[in-house]
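Commentary on secondary and tertiary structure
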Amino acid sequence: MTNKEIARPLKETAALLELTGGNPFRARAFANAARTIERMDERLSEQTDVTEIQGIGKGLASQIAEILERGSFDVRDDLLGSIPPGIMDVLKVKGLGAKKARVLWKSLGIQTLDELEAAALAGRIADLDGFGARSQESILENIVLLRSYMGRRRLADAAPFLPYITSELEGYTTRVTGDARRHLNDVERLDLLVETDDGDIPGRLMWLMDAETGEEHGLRWVEGTIEGGMTVRLTACVPSDAGRALAITTGPAAFAEKLARTPPSDSEQDAFKEAGLTWIDPGLRDMDGAVDRTDALASLHLVTVEDLHGCLHNHSTYSDGAHTLKEMADACRSRGYSYLGICDHSQSLKVANGMDVKTVKRQQAEIKALNEAYALDGGPEFKIFSGVESDILNDGSLDYEEEVLASFDFIVASVHTGFNMSEAAATERLVTAIKNPYTSILGHPTGRLILRREGYPIDHEAVLQACAAHGVAIELNANPWRLDLDWTWVERARQLGVPVSINPDAHAIDQIDLTAWGVRAARKGGLQVPECLNALSLAEFTAWIARS
DNA sequence: CCTGGGTCCAGGAGTTGCTAATAAGCAAC
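Okay, so let's go over this structure. (Residues numbered from 1 in each chain as written. Chains lettered and ligands numbered in written order. Predicted model: local features only at pLDDT ≥ 70, side-chain atom pairs only at ≥ 80, totals over all residues. Heavy atoms only, no water.)

Next up on the list: the packing of aromatic side chains. Under the counting rule described, the total for this entry stands at 10 aromatic pairs. Measuring from centroid to centroid gives 5.1 Å for phenylalanine 385 and phenylalanine 541, while their planes differ by 75 degrees, and the two rings are edge-to-face. Here phenylalanine 385, found in strand β10 (residues 383–391), pairs with phenylalanine 541, found in helix α23 (residues 538–546); they are 156 residues apart in sequence, far enough to count as distant. Assessed through its relative accessible area of 1%, phenylalanine 385 is described here as buried. Ring centres 6.0 Å apart and planes at 45 degrees place the aromatic pair tyrosine 400 and phenylalanine 408 in the tilted group. Phenylalanine 408 gets classed as buried once you look at its relative accessible area, which sits at 8%. Taken together, Tyr339, Phe385, Phe410, Phe541 and Trp544 form an aromatic cluster joined through their ring pairs. The ring of tryptophan 481 carries the charged tip of arginine 154 above its face, separated from the ring centre by 3.3 Å. (Phe/Tyr/Trp six-rings, centres within 6.5 Å; stacked < 30°, edge-to-face > 60°. Helix = DSSP H or I, 4+ residues; strand = E, 2+ residues; numbered from the N terminus. Buried < 20%, exposed > 50% of the residue type's maximum accessible area, 1.4 Å probe, protein only. Lys NZ or Arg CZ within 6 Å of the ring centre and 35° of its normal.)

See below:
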C-alpha cells in the first residue's frame, strides 16, 4: 500500500468531519496527518512506528494500522454511513468544499449531484448565505465537467487492473487492445483480445460482473465490470485471425472499418498490408488523418525512454520534494541519465515551499560541490544543472530579480496561480514569459489535470509560435495526471521546430519513472529523437542552454 | 486528534491570494 493510498481515507475523514459538523481541530489533525504521510519519502508499513511522526499520536496510529490491514477504519466507515452517499459527489464539484456542501445539505436538503443541479436550475442556491448568482452558475458549469469525467480513468489508474485481468485469463493468449493500447490520456474501459478455439466466448470468460455480450465487426465480445469498478471488454478471436482482430479492436474507427474488410490473418502487419496500409505504432493511429498517411507515419523514428539522456524539471527537499538533491541525482544517475535538471519552486509559491534567494544560493553551492564530486569519482559522466521552476506571475514576468534569474543554468517557467483567466489574457501571460530571455522551457502549458481540472484556456498556435520565435522549448509534463502539452499539439511543435522536453516533474525518486508516460504521449504525437530536448547528449544540452 | 505541560486538559491550524461574497471558503503544489 502506497503512502498516498493510506493518506486518502484520512483526507476523506477530514472532509467528512467538516461535513458532519465535527470538531474542526480534529478534522485538521486528520488532514495534517494525511499531508505528512503523502510527503514522506519512507513508505509506511506495519513495522513503522508512526507515533514518532510529528502530528501523529496514539489515535491516528491505530487508525493507520487499521488502514494498512483493511484499507479503511471504523471512524471513517461510521462517518460515511452517517451521511447520504450522494454528498461525496457534491463534494467533488469544483468550488464546493465541506463547509459549503454542508450548508447545501442542511438548508436545502441537497444530497446528490442531481438535486444540486435541480436546485441551481431553480435558482434556489443564489439566495443562500455565502452563495450568489455567480456561484450558482459556476456550480452548474462544474457539474457538467464533473459528469464528463465520471466513468473514466486516467490511463495510469486503469493500467494496474491489467495484471489481475490477465491472471483471471490464465491459459488463454491475451493482448491489450483498444484505447489503452493506443495510449489515450484516459479510458472508459480496458479492452483485451482473447484467443479461443472457435472465436466464441467460453463460459470461463463470463466471470465479469453484470456481463453483457455482443458482436462488432464479426468479433464476439463480453463486457462487464471487475472489483474496483473498472469496465472490461474481452473480445474473442480464433488464433488464425488474431492479428487482424488486434488491429480492428485497437481502433480507432477509421482503422477498424478498413481492417474489418480484410481476410483473416494472424499477423497485424499482414492485415494492414491487406487493407492497403503500412503498419504503424498503435499510438499514432489517432493522429489527424492517420489512416491516409500510414506510409509517412511509419517512417518516423519515435523517441523511446532509452533515447533520453537527461531528466529535466525535478524537485527536491529545497522546495516540496520528498528526497534530497543528492538522492535525486544519484537516482537519476543509476537510471542511466547523464544529466539532471533540478527545478525547485520559486519564491512566490509558498504552498510548495518555494525557494527564497538565500535558499537558491545554498542549493547552487551544493550543486557545485556535487558536480565536482561526480567529476572525480570515476563513475559514468553525470552533471546536475541548476534550474528553477519559476512561477509565471500574473503579468507574465518571472519570479526573481534579473540577477537571480541569470544565476540559473536554465529555467522552466510555469503557471500555478490565477487559472481563471480568459484565453486572451492567459495566452498573453504565457507569451510574455516565453519572450523573457531567461526562459528555457515553458512548463505544463495549460495547467490541466486530466479528469480533474480543465486548466486555463490558451491559444496553442500562438504559444507555439512564440516558443519558435524565441528559442524556447515546450514541456510535455510526463505526470499521468498532466500529460501537458497534450499529444495532439506535438505534431505542430515539431513542424515549428519547437523542441519538446519530456519531464517527469518528479517530487520523489520513484516519480522519475513517470517519464515513461510522457514518452508514450510524445510518441502518440510522432515525436522523434532529434525533436526531443532531453534526448540531447550532455554536451549538446550544455550547448543548447548556452545559445544566445 | 495532537502537543505539551498543567500528566488531564487547554489550546491548537503548511501559507497566501483569489473569488465572490460582503465574512469566509476554496484552491494552488
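The geometry of helix α1 (residues 3–19) relative to helix α2 (residues 24–39) is characterised by a closest axis approach of 8 Å and an angle of 160 degrees between their N-to-C directions. Comparing the axis directions of α1 and α2 gives the class roughly antiparallel. Two packed elements cross with a definite hand, and for α1 against α2 that hand is left-handed. Within the contact between the two elements, α1 uses Asn3, Lys4, Ile6, Ala7, Leu10, Lys11, Thr13, Ala14, Leu17 and Glu18 and α2 uses Arg26, Ala27, Phe30, Ala31, Ala34, Ile37 and Glu38. Residue composition of the contact of α1 with α2, by class: 10 nonpolar, two polar and five charged. (Axes fitted to C-alpha atoms, helices over the stretch in contact; angles between N-to-C directions. Parallel < 35°, antiparallel > 145°, perpendicular 65-115°, else oblique. Left-handed = near helix turned anticlockwise from the far one by under 90°. Contact = heavy atoms within 4.5 Å. Nonpolar A, V, L, I, M, F, W, Y, C, P; charged D, E, K, R; others polar.)

The next point concerns the state of the cysteines. Under the definition given, this model contains zero disulfides. No disulfide involves cysteine 332; its nearest neighbouring cysteine sulfur is the one of cysteine 311, lying 3.9 Å away. Cysteine 467 takes part in no disulfide bond, and the closest cysteine sulfur to it belongs to cysteine 532, at a distance of 15 Å. What makes cysteine 467 buried here is its relative accessible area of 1%. (Disulfide = S-S within 2.5 Å.)

So, about the protein's contact with DNA strand B. Taken together, the neighbourhood of DNA strand B is formed by 43 residues, with Gly95, Gly97, Gly132, Ser135 and Val351 sitting nearest. Backbone atoms, meaning sugar and phosphate, make up 65% of the atoms of DNA strand B lying within 4 Å of the protein. Glycine 57 places a polar main-chain atom, nitrogen or oxygen, 2.7 Å from a phosphate oxygen of DNA strand B. At 2.8 Å from a phosphate oxygen of DNA strand B is found a main-chain nitrogen or oxygen belonging to leucine 60. Looking at the surface near DNA strand B element by element, the count peaks at eight residues for α2. Split into classes, the residues belonging to the surface near DNA strand B amount to 13 nonpolar, 17 polar and 13 charged. (Near = heavy atom within 4 Å. Polar contact = N/O pair within 3.5 Å; in protein donor to acceptor, adjacent residues only side chain to side chain.)

Looking now at the nonpolar core. If you look at the biggest cluster of nonpolar residues, it comprises 111 residues, and the most contacted ones within it are Ile165, Leu234, Ile384 and Ile474. Apart from residues lying up to four places away in sequence, isoleucine 474 is in contact with Ile441, Leu442, Pro445, Val463, Leu464, Cys467, Leu485, Val498, Pro499, Val500 and Ser501. Counting 46 residues, the second largest nonpolar core, distinct from the first, contains Leu44, Leu79, Val93 and Ala119. (Core = buried A, V, L, I, M, F, W, Y, C linked by side-chain atoms within 4.5 Å.)

The omega torsion of the bond from glycine 251 to proline 252 falls at 0 degrees, within 30 degrees of zero and hence cis. Mapped onto the secondary structure, proline 252 falls in the loop between α12 (242–250) and α13 (253–259). The omega angle of the peptide bond from aspartate 484 to leucine 485 is 10 degrees, so this bond is cis rather than trans. Mapping leucine 485 onto the fold places it in the loop between β13 (473–477) and α21 (490–496). In this model, histidine 183 sits at a positive phi of 55 degrees, which is unusual for a non-glycine residue. Turning to its location among the elements, histidine 183 is positioned in the loop between α11 (178–181) and β3 (186–187). A residue is classified by how much of its surface remains accessible, and histidine 183, at 27% relative accessible area, is partly exposed.

The topology assignment puts histidine 345 in strand β9 (residues 339–345). At 3.5 Å, the side chain of histidine 345 forms a polar contact with the side chain of glutamate 389. Once residues lying within four places of it in the same chain are set aside, the contact partners of histidine 345 are His315, Ser319, Asp320, Ala352, Gly354, Met355, Val388, Glu389, Tyr400, His416 and His507.

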